[in-house]
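# A closer look at the structure
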Amino acid sequence: MTYRGDDGGRRMPPPRPPAGRSRDHQRAQMMPLPGRGQSPYDERTRPMGTREPEYMPPQGPPPRQAPPNRGDDYPPSRPPRRRRRWGFGRILLTLLLVFVVFFAGIWVYLEFSIKRVDALADYDGRPVAAAGTNWLIVGSDSREGLTTADEENLATGDVAAAGGQRTDTIMVAHLPDNSTKPTLLSLPRDSQVKIPGHGTNKINAAFSLGGPKLLAQTVEGATGLHIDHYAEIGFGGFAKIVEAIGGVEMCIDKDMNDTVTGISIKAGCPQTLDGREALGFVRMRHSDATPRSDLDRVANQRKFIGALVSQIASPGTLLNPFDFFPLLSAAPDALTMDSGDHVHNLAGLAIAMRGISSGGVVTTTVPVTSGSAENWDKNKSKQLFDALKNDTEVPDSVIVN
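Here's what I pulled together on the structure shown here. (Residues numbered from 1 in each chain as written. Predicted model: local features only at pLDDT ≥ 70, side-chain atom pairs only at ≥ 80, totals over all residues. Heavy atoms only, no water.)

Looking only at helices and strands, one finds ten helices and 13 strands in the chain. Here the chain holds 401 residues, and 38% of them are scored as buried. Residue pairs in contact within the chain that sit at least 24 positions apart in sequence constitute 68% of those at least 6 positions apart. Put simply, the chain shows about 25,400 Å² of open surface, and 54% of that area lies on carbon and sulfur atoms. (Helix = DSSP H or I, 4+ residues; strand = E, 2+ residues; numbered from the N terminus. Buried < 20%, exposed > 50% of the residue type's maximum accessible area, 1.4 Å probe, protein only. Contact = heavy atoms within 4.5 Å. Areas by Shrake-Rupley, 256 points an atom, 1.4 Å probe, with all protein chains shown as cover.)

Written out as structure tokens, the structure is:
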């Protein structure tokens, strides 16, 4: 093959590269076009005629880089949170809240645990409600919840021999609406009164004949007082409450030995009566220490109730869990109230009766004509009942203690 040129029309072909040289050296590098700058891909594109770098493993851990300077474009870091301190006011508020919840729990527990009975009902000729509030308080000879051994220990006697369930204690507690003193009035159980539908009989026979409802109607008819609330406690419940608070402190002036029940209480002041002794004290009438029989017994009952209520309401009982919680456990089984009564009514009664021991409550028995306490003095009894109806002071001439 011939080429034409200046040298006579013949030109030799370009010489071949010597054998063994890499063809990479023959590659021409691309030149940028006129009017264009450096391509953004130049750094990522390996120029022609260069070898790829060999892989080198990293030597040691990578160097730590300083955090980037955020400048003013980022919000400042949040300061550490401080722990809230419990101040005195917050602690006091928490304690108050705990107390309120605890008190409300006790209130609800008692409200739904105490037994109820329909004791108060309307009937033709019932006395109208007058000034103040009247409670009928009954101590029955109920043996409910007592075993044979308990009955022997408490010397309760034979209920069948007594002619059915009766009442050992009948009281009317009058709570005035004004500043006059409350009154705790005892009705001797042998008092002869008219029992609706059963003629004239002992007042405690009404409970045996018709239960709480007939007894309440009998008391209203005999006294002319409208009964607003009813509370009843039996033998077993009475003893359990006394035991729950560790006994009741009393002052006994002379030895008491009941020839019927066999219970003996030595003289002493003060001394603590347990459940058995307390029950014997409020029931005792066959003893040299109770020559007036039922009149002395009702006086002892009022004296004991004053000591019992004062001890229950004392800080030594309410703040002592070893007394307070056993008392809460014993109260629902021991107490029976009217179906319309509530715990706040009972609390009002307890607060009013706290003054028995200190003379803040007038305590008396219905005036009677003889030591047998079977017949009431009509004139003095009327003065007494009228004073309670009208919330006036009870005349000293009608107070019997």
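Back to the write-up after that little detour.
Here we take up the pattern of salt bridges. Enumeration according to the criterion identifies ten salt bridges in this entry. Taking the shortest distance from any N to any O, the salt bridge between Asp168 and Arg189 comes out at 2.9 Å. One end of the pair, Asp168, is in strand β3 (residues 167-175); the other, Arg189, is in the loop between β4 (183-186) and β5 (192-195), with 21 residues separating them in the sequence. On the accessibility criterion, Asp168 (8% relative accessible area) is buried. We classify Arg189 as buried; its relative accessible area is 16%. Look at the salt bridges and you will find they share partners, linking Asp122, Arg126 and Glu220 into a network. (Salt bridge = Lys/Arg side-chain N within 4 Å of Asp/Glu carboxyl O.)

Evaluation of the coordinates by the stated rule reveals one disulfide. Disulfide partner of Cys251: Cys269, at an S-S distance of 1.8 Å. As the torsion about the S-S bond is roughly 45 degrees, the Cys251-Cys269 disulfide counts as right-handed. With Cys251 in strand β8 (residues 248-252) and Cys269 in strand β11 (residues 268-273), the pair connects residues that are 18 residues apart, well separated along the chain. Judged by its relative accessible area of 28%, Cys251 falls in the partly exposed class. (Disulfide = S-S within 2.5 Å.)

Right, let's get into helix α1 (residues 88-113). Its 26 residues place the ends of α1 37 Å apart at the C-alpha level, agreeing with the 38 Å of an ideal helix rising 1.5 Å per residue. Along α1, the positions that sit buried rather than exposed are Ile106, Leu110 and Glu111. Residues of α1 that are buried sit in contact with β1 (115-117), α8 (321-334) and α9 (343-353). (Expected span 1.5 Å × (residues − 1).)

The next point concerns the pairing of strand β7 (residues 229-233). Of all five residues that make up β7, four are buried, and the element is covered over most of its length. Bridge analysis of strand β2 (residues 133-140) against β7 gives five bridges, and the strand direction is parallel. Within β7, the position partnered with Trp135 by the bridge is His229. (Pairing = 2+ DSSP bridges.)

By themselves, these observations are geometric and do not establish any function.
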